[in-house]
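# Structural overview for review
Okay, here's what each chain looks like letter by letter:
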Amino acid sequence: AKKLGKNNYQFFTPEMNSAAQHYLKLEHHLRQALELEELVLHYQPQVKIDNGCIIGMEALIRWHNHAMGIVMPDQFIGLAEETGLIVPIGAWVLQTACKQARAWQLAGMPIRIAVNLSGRQFHRFQDQRQLLDVVLDVLKETELSPELLELEITESILMHKLDTTLDTLNQIKQLGVRISVDDFGTGYSSLSYLKRFPLDTLKIDKSFVKDICTDANDRAIVSAISAMAGQLKLELVAEGVEDQSQLDFLGGQQCNYGQGYFFSKPVPAEQASALLRQSVLQ
Ligand code: C2E
Ligand code: CA
Ligand code: CA
Ligand code: CA
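Small disclaimer: the values here were computed from a predicted structure and weren't measured.

Rules and cut-offs
- Residues numbered from 1 in each chain as written.
- Chains lettered and ligands numbered in written order.
- Predicted model: local features only at pLDDT ≥ 70, side-chain atom pairs only at ≥ 80, totals over all residues.
- Heavy atoms only, no water.
- Donors = N, O, S within 2.8 Å, 3.2 Å for Na, K, Ca; no water.
- Helix = DSSP H or I, 4+ residues; strand = E, 2+ residues; numbered from the N terminus.
- Buried < 20%, exposed > 50% of the residue type's maximum accessible area, 1.4 Å probe, protein only.
- Phe/Tyr/Trp six-rings, centres within 6.5 Å; stacked < 30°, edge-to-face > 60°.
- Polar contact = N/O pair within 3.5 Å; in protein donor to acceptor, adjacent residues only side chain to side chain.

Coordination of the calcium ion (ligand 2) by the protein is provided by Glu58 (OE), Asn116 (OD1), Glu152 (OE) and Asp182 (OD), with metal-donor distances spanning 2.2 to 2.3 Å. Every donor residue of the calcium ion (ligand 2) comes from the same chain, spaced as E-x57-N-x35-E-x29-D. Between the calcium ion (ligand 2) and the calcium ion (ligand 3), both coordinated by Asp182, there is a metal-metal distance of 4.0 Å. Linking Glu58 in strand β4 (residues 54-65) with Asn116 in strand β6 (residues 112-116), this pair joins segments that are 58 residues apart in sequence. Residue classification places Asn116 among the partly exposed residues on the basis of a relative accessible area of 26%.

A few words on unusual backbone geometry. Phi at Glu37 is positive, roughly 55°, even though this residue is not glycine. Tracing the chain through its elements places Glu37 in the loop between α1 (14-33) and β3 (39-48). Exposure remark for Glu37: the relative accessible area of 69% places this residue in the exposed category. Positive phi, normally seen in glycine, also occurs at Lys233, with a value near 60°. As for its position among the elements, Lys233 is in the loop between α10 (216-231) and β10 (235-238). Relative accessible area serves as the criterion here: at 73%, Lys233 is assigned to the exposed category.

A separate point is the packing of aromatic side chains. Aromatic ring pairs are described here by two measures, namely the spacing of the ring centres and the angle between the planes. A complete count under the given rule lists four aromatic pairs for this structure. Between Trp63 and Phe76, the aromatic rings sit 5.4 Å apart at their centres with planes inclined by 75°, giving edge-to-face as the arrangement. One end of the pair, Trp63, is in strand β4; the other, Phe76, is in helix α2 (residues 73-83), and 13 residues separate them in sequence. Each member of the pair, Trp63 as well as Phe76, carries the same accessibility label: buried.

Here we come to the side chain of Arg112. Topologically, Arg112 is positioned in strand β6. Of the polar contacts made by the side chain of Arg112, one reaches the side chain of Glu235; its length is 2.9 Å.

Shown next as structure tokens:
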């Protein structure tokens, strides 16, 4: 029985049982996903707002399971973190993304590749003092220029184990790799970290962009973030841009970059290459 409140016990219901079963099944399959080569990366363009050119691609993982079909990251990243599978999966993501970016670089399309590092992934790596090694190994192996790699971390990473986190990020930064703060504005954090950590980019969370055309509060928040990023010399990417009117508002702010369905959904490598070739020709 699971204890809910003081004298309040609830026994596992059939629904909970099947949820538990689903989780077990997911875990079983996830353990084999790497070996069976079921993981793929999709890529979503990051676009310079004033000229429409692609300056980067964010790598987003998808899992094509033989039994369950396509599983989205929100459904398995948490499980991967809990089981520790995030370590080999994260290394695979980094390796695959950098290899792709190197191929684009060699093809005359040197764009940045942005790779997500979740909080628990970061700290697991850090405990094992592995993160820096993994990044170094991947850069060496793929021969990608470090400036073309950007790691997307969340505010929560910056709030834990301050000293070691700062050390790790400084070391990564010294390699020339860029660091970006994902989902900016959604974490419970103080802004003081913006001056303490070696950051390059802030990504305004899509929840602020969604109603930017109608919601005065969201407009105020995005204007304030834009002004602040400008002053701090941080690049700013607006996430979740879905239509022209959102873009028009962002263009009027000091927000130089956008990402979202308006430009493109995340797409497989082939399609991403085609988008890049178009962007270069433009
Ligand atoms: P995120 O890093 O914030 O990624 C952005 C999410 O927003 C992606 O969902 C993307 O498909 C979606 N998105 C992009 N443009 C739009 C738009 O215009 N409107 C809306 N409504 N959504 C948009 P996705 O691919 O399902 O990924 C969800 C989350 O899973 C990511 O959020 C990230 O936190 C995590 N994730 C994805 N790939 C990886 C990975 O390789 N490693 C780790 N650690 N986490 C990952
Ligand atoms: Ca991200
Ligand atoms: Ca985000
Ligand atoms: Ca997210």
